[in-house]
Amino acid sequence: MKGTISTIEEIKEQVINTSLLVISIAGILTYLVSFISKFTNHSIGISLIFDSIALVSALIVTNMRKRLSNQFKAQIVVVLILFLSLSDAFFYGLFATSRIYMVMIPLYTIIY
């Protein structure tokens with residue numbers, strides 16, 4: 001890739017693939033911290049199940065990123081952002097912190 005001019009499609013693919021890797025790595029770390037704190041407080045609930053579903057989905061898409069189209073990967077990222085934001089808003093209401101990620105939705109909708 002060094003010394004070549006990238007096309008728009010290659011740049012889109014790099015953005016999506018890098019985002020998926022960052023989402024997966026950060027998701028694993030935050031999930032482990034959340035799981036440990038909820039396990040020690042004996043408060044394992046349905047929000048942890050929603051987080052598990054989102055993390056497994058992100059890991060599957062990240063693992064298969066070479067075989068999937070950019071459009072499908074971008075749609076999955078948008079769905080994951082919406083899913084986590086809505087589930088967080090449902091459980092925590094106005095104190096939900098995940099609504100900040102809604103800002104990323106326009107970026108991914110431009111990609112596909």
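Refer to the preceding data block for the structure.
Just so it is clear, the structure is predicted and the values come from calculations on it, not from any experiment.

### Quick notes on the layout of surface pockets
Estimates place the volume of the largest pocket at around 880 Å³. Forming the walls of the largest pocket are 26 residues, and the residues nearest its centre are Gly27, Thr30, Asp51, Leu84 and Tyr101. For the lining of the largest pocket, the secondary-structure elements that each account for two or more residues are helix H1 (8–40), helix H2 (46–63) and helix H3 (70–92). The greatest single-element share of the lining of the largest pocket, amounting to 8 residues, is contributed by H1. The residue inventory of the lining of the largest pocket, partitioned by class, reads 16 nonpolar, 7 polar and 3 charged.

### Examining the environment of Ile11
In this structure, Ile11 sits in helix H1. A relative accessible area of 41% means that Ile11 is categorised as partly exposed. Linking Ile11 and Asp51, residues 40 residues apart in sequence, is a C-alpha distance of 29 Å.

Conventions adopted
- Residues numbered from 1 in each chain as written.
- Predicted model: local features only at pLDDT ≥ 70, side-chain atom pairs only at ≥ 80, totals over all residues.
- Heavy atoms only, no water.
- 1 Å grid on protein atoms, 1.4 Å probe; cavity = no way out; pocket = protein on both sides within 12 Å on 5 of 7 lines; lining within 4 Å.
- Points joined across faces, edges and corners; volume = space filled by probe spheres on them.
- Helix = DSSP H or I, 4+ residues; strand = E, 2+ residues; numbered from the N terminus.
- Nonpolar A, V, L, I, M, F, W, Y, C, P; charged D, E, K, R; others polar.
- Buried < 20%, exposed > 50% of the residue type's maximum accessible area, 1.4 Å probe, protein only.

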